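# Commentary on secondary and tertiary structure
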Amino acid sequence: MEVGQMQRQWVDYTKSLVFEGFLDGQFLQLQQLQDENNPDFVVEVVSLFFEDSERLLNDLTFALDQNGGVDFKKVDAHVHQLKGSSSSIGAQRVKNCCVAFRNFCEEQNTDACLRCLQQVKQEYCLAKNKLETLFRLEQQIMAAGGSIPMIELSF
Amino acid sequence: MASSSTWSSSNWVMESGDVPHVLAVDDNLIDRKLVEKLLRNSSCKVTTAENGPRALEFLGLTSGEQNPLNGRSKVNLVITDYCMPGMTGYELLKKIKESSEMKEIPVVIMSSENIPTRINKCMEEGAQMFMLKPLKQSDVKKLTCQLMNRDCEI
């Protein structure tokens, strides 16, 4: 596949992720922050997000698995962190799950929280897969000597 | 969306041509990295801190300690997250405003939650501005322009 085609594929894929709600405008903002001084900025930040989220999801699993009584304050604190990070990188569906999750923390509803945890794990996996696919496309473009296109914010 | 006080009354507005040194405080690693990039893109020197106590230490406001810069670090702006475990951004703001050495330093509060009572509380305590997360490059550019007392076109 030649570079132009790969670039078009990358643009279409990014647009579809936004259209389907996986990513929002904040992700596009991140891409705009990337420059020659920081050519790997987006990958770096998103990789931090992956590490951070996996840790938080483990902590949440542990916190909700307490037969002696769930500490909802702790659960809420973890969800708040995850909500913040996902919002900051534009992982919209993960963020939205966190919003619902926090409501159930407030209600101290363990069952609902467990369901939310499942959901947020699923959304996180989806987001991770799609972002990794996007980054693979980027690597192919760069390997072929091309550059990552700029996406306009209004489309 | 941001609330702000006037800058002209602040005697921390800099001489144009100086590079602002900003202390960015946030317990979230991703947000720290982001705010750092946004500030660097606006030509600032950036120091990050992961919590209030570390920030106070950097500012030389930890009680009982001698600040190597003789009680005045060269920070031109503090930007801090509101929700942090332990010392909140609001508490950090209070401590800065209560200090004799640092009370004039502009402090900007960031939050992902748009809660009017929270915003008012911070503004009343002397916050320069309240900014909603996630921050945009245009917001940060505007902020640093004001700090450097320049006319900016956004």
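Residues numbered from 1 in each chain as written. Chains lettered and ligands numbered in written order. Predicted model: local features only at pLDDT ≥ 70, side-chain atom pairs only at ≥ 80, totals over all residues. Heavy atoms only, no water.

### Some remarks on the overall build of chain B
- Scanning chain B for helices and strands turns up 5 helices and 6 strands.
- A burial count over chain B gives 51% of its 154 residues as buried.
- Approximately 7400 Å² of chain B is accessible, and the part contributed by carbon and sulfur atoms is 45%. (Helix = DSSP H or I, 4+ residues; strand = E, 2+ residues; numbered from the N terminus. Buried < 20%, exposed > 50% of the residue type's maximum accessible area, 1.4 Å probe, protein only. Areas by Shrake-Rupley, 256 points an atom, 1.4 Å probe, with all protein chains shown as cover.)

### What about the nonpolar core?
- With 65 residues, the main nonpolar core has Leu30(A), Val75(A), Ile89(A), Phe101(A), Leu39(B) and Ile79(B) as its most contacted residues.
- When residues in this core are grouped by element, the largest group, 12 residues, is from helix H3 (residues 41–64) of chain A.
- Discounting chain neighbours no more than four positions away, the residues touching Val75(A) are Leu60(A), Ala63(A), Leu64(A), Val70(A), Phe101(A) and Cys105(A).
- One finds Leu23(B), Ala49(B), Val78(B) and Met87(B) within the second-largest nonpolar core, a separate group that totals 24 residues. (Core = buried A, V, L, I, M, F, W, Y, C linked by side-chain atoms within 4.5 Å. Contact = heavy atoms within 4.5 Å.)

### A closer look at helix H5 (residues 92–106) of chain A
Residues and elements named next belong to chain A.
- For H5, built from 15 residues, the straight-helix expectation of 21 Å at 1.5 Å per residue is met to within 8% by its first-to-last C-alpha distance of 22 Å.
- Of all the residues in H5, the buried ones are Val94, Cys97, Cys98, Phe101, Arg102 and Cys105. Mapping the buried residues of H5 onto a view down its axis gives an arc of 145°, with all of them on the same face.
- Where H5 terminates, the next one or two residues include glutamine 108, which has phi positive at roughly 55°. (Expected span 1.5 Å × (residues − 1). Arc of directions from axis to C-beta.)

### Some words on the pairing of strand E3 (residues 45–49) of chain B
All names here are of chain B.
- The pairing of strand E2 (residues 21–25) with E3 spans 5 bridges and is parallel. Directly across from valine 22, in E3, lies its bridge partner valine 46.
- At this point the chain moves from E2, through helix H1 (residues 29–41), to the parallel E3, and the crossover so formed is right-handed. (Pairing = 2+ DSSP bridges. Right-handed = clockwise from strand over helix to strand, strands pointing away.)

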